[in-house]
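Close look at the chain arrangement
What follows is the residue order along each chain.
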Amino acid sequence: DQQVKQNSPSLSVQEGRISILNCDYTNSMFDYFLWYKKYPAEGPTFLISISSIKDKNEDGRFTVFLNKSAKHLSLHIVPSQPGDSAVYFCAASVSSASKIIFGSGTRLSIRP
Amino acid sequence: NAGVTQTPKFQVLKTGQSMTLQCAQDMNHNSMYWYRQDPGMGLRLIYYSASEGTTDKGEVPNGYNVSRLNKREFSLRLESAAPSQTSVYFCASSVEGEGGPFGPGTRLTVL
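The structure contained in this document is the topic of the report that follows. (Residues numbered from 1 in each chain as written. Chains lettered and ligands numbered in written order. Predicted model: local features only at pLDDT ≥ 70, side-chain atom pairs only at ≥ 80, totals over all residues. Heavy atoms only, no water.)

**Here's the deal with the overall build of chain A**
Counting its secondary structure elements, chain A contains zero helices and 11 strands. Of the regular secondary structure in chain A, the N- to C-terminal order runs β-β-β-β-β-β-β-β-β-β-β. Taken over the C-alpha trace, chain A has a radius of gyration of 13 Å; the compact-globule value for 112 residues is 13 Å, and the two agree within 12%. Reported as C-alpha extents along the three principal axes, the dimensions of chain A are approximately 40 × 30 × 20 Å. Per-residue burial for chain A yields a buried fraction of 45% across its 112 residues. Sequence separation of at least 24 residues holds for 53% of the intrachain contacts in chain A that already meet a minimum separation of 6. Carbon together with sulfur atoms contributes 49% to the accessible area of chain A, which is approximately 5,300 Å² in total. (Helix = DSSP H or I, 4+ residues; strand = E, 2+ residues; numbered from the N terminus. Rg over C-alpha atoms; globule rule 2.2 N^0.38 Å. Buried < 20%, exposed > 50% of the residue type's maximum accessible area, 1.4 Å probe, protein only. Contact = heavy atoms within 4.5 Å. Areas by Shrake-Rupley, 256 points an atom, 1.4 Å probe, with all protein chains shown as cover.)

As structure tokens, then:
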């Protein structure tokens, strides 16, 4: 039973446009949400996070939105750049418990 | 400041052999994790450790054991490797439940 779901295995976006990656979760105890980016043959790298007390967090070109009632979060990248082509993982945790659960990932391809 | 280091980078085992994957972090983080990545399955949590001396099962703990030797080191042991354990293994560390670094991964093949 997947607690964190990324239903789109892949996404293709034109350079300069907005990329929107989606993530759903089922465990209402989750109170901290994270996005990681992964290039081939490397470990994932932390991108951005959001606490459940907020509904938006922004860091440069990256913005994460959280809709607690829908148990849904999204990552917006604008403008998209060629270096953004990677696999993006959504993750969630109960912050007091340290356990971080990941989704299955979405492969983002930025086309010229 | 190396972040999270893992050894070895690659390993080939025969079914039934044992091995230990090593992980160390220099971030002074309390929490450490072991994940495996398989095609289409994302990153699945094997075991985690919230602090030195404590370990807990994750989503897929069967066939693995872990040791949190001290605050820096968290090792993963396969006592009797099986082909289903062929995967890429990642170690990570963090402040409790927050974003933190991953190691470069260990690519394990079990024949």
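**Considering the overall build of chain B**
Scanning chain B from terminus to terminus reveals zero helices and 10 strands. Put simply, chain B runs from its N terminus to its C terminus through helices and strands in the order β-β-β-β-β-β-β-β-β-β. For 111 residues, the compact-globule estimate of 2.2 N^0.38 gives 13 Å, and the C-alpha radius of gyration of chain B, at 13 Å, lies within 12% of that figure. When its C-alpha atoms are laid out on the principal axes, chain B stretches across 35 × 25 × 25 Å. Within chain B, contacts between residues separated by at least 24 positions form 54% of all contacts whose residues are at least 6 apart in sequence. Here chain B contributes 10 positive and 9 negative side-chain charges, whose respective centroids are spaced 9 Å apart. (Lys, Arg positive; Asp, Glu negative; His and termini not counted. Charge placed at Lys NZ, Arg CZ, Asp CG, Glu CD.)

**Section: unusual backbone geometry**
Following V78 of chain A, the chain continues to P79 of chain A via a peptide bond in cis, the omega torsion being -10°. Tracing the backbone through its elements, the reader meets P79 of chain A in the loop between β8 (72–77) and β9 (86–93). P8 of chain B follows T7 of chain B through a cis peptide bond whose omega is -5°. Along the polypeptide, P8 of chain B turns up in the loop between β1 (4–7) and β2 (10–13). With phi around 65°, A41 of chain A is a residue other than glycine that occupies positive phi space. Looking at the secondary structure, you find A41 of chain A in the loop between β4 (32–38) and β5 (45–51).

**Overview of the pairing of strand β6 (residues 56–59) of chain A**
Residues and elements named next belong to chain A. Pairing geometry for β6 and strand β7 (residues 62–67), over four bridges, is antiparallel. Paired with D59 across the strands is F62, a residue of β7. Joining the antiparallel neighbours β6 and β7 is a turn of two residues, in which G60 adopts a positive phi near 65°. (Pairing = 2+ DSSP bridges.)

**A word on the interface of chain B and chain A**
With 24 residues of chain B in contact, the opposing surface of chain A contributes 20 residues. A buried area of about 1,600 Å², summed over both sides, lies between chain B and chain A, and 60% of it is on carbon and sulfur atoms. Viewed at the interface, chain A and chain B are joined by zero salt bridges. Counting across the interface, chain B meets chain A through two residue pairs in polar contact (both at pLDDT 80 or more). (Buried area = accessible area lost by both parts, 1.4 Å probe. Salt bridge = Lys/Arg side-chain N within 4 Å of Asp/Glu carboxyl O. Polar contact = N/O pair within 3.5 Å; in protein donor to acceptor, adjacent residues only side chain to side chain.)

**What to know about the state of the cysteines**
Counting across every chain of the model gives two disulfides over all chains. A sulfur-sulfur separation of 2.0 Å characterises the disulfide bridge that pairs C23 of chain A with C90 of chain A. What sets the handedness of the C23 of chain A and C90 of chain A disulfide is the S-S torsion sign, and at about -70° it is left-handed. Highlighted residues: C23 of chain A in strand β3 (residues 19–25) and C90 of chain A in strand β9, separated in sequence by 67 residues. The exposure class assigned to C23 of chain A is buried, which follows from its relative accessible area of 0%. Here C23 of chain B engages in a disulfide with C91 of chain B; their sulfurs sit 1.8 Å apart. Looking along the S-S bond of the C23 of chain B-C91 of chain B disulfide, the torsion reads about -75°, which is the left-handed sense. Of this pair, C23 of chain B sits in strand β3 (residues 19–25) while C91 of chain B sits in strand β9 (residues 87–94); the two residues are 68 residues apart in sequence, bridging distant segments of the chain. Residue classification places C23 of chain B among the buried residues on the basis of a relative accessible area of 3%. Looking at C91 of chain B, the relative accessible area reads 0%, which means it is buried. (Disulfide = S-S within 2.5 Å.)

It is worth stressing that arrangement in space is one thing and function is another; only the former is reported here.
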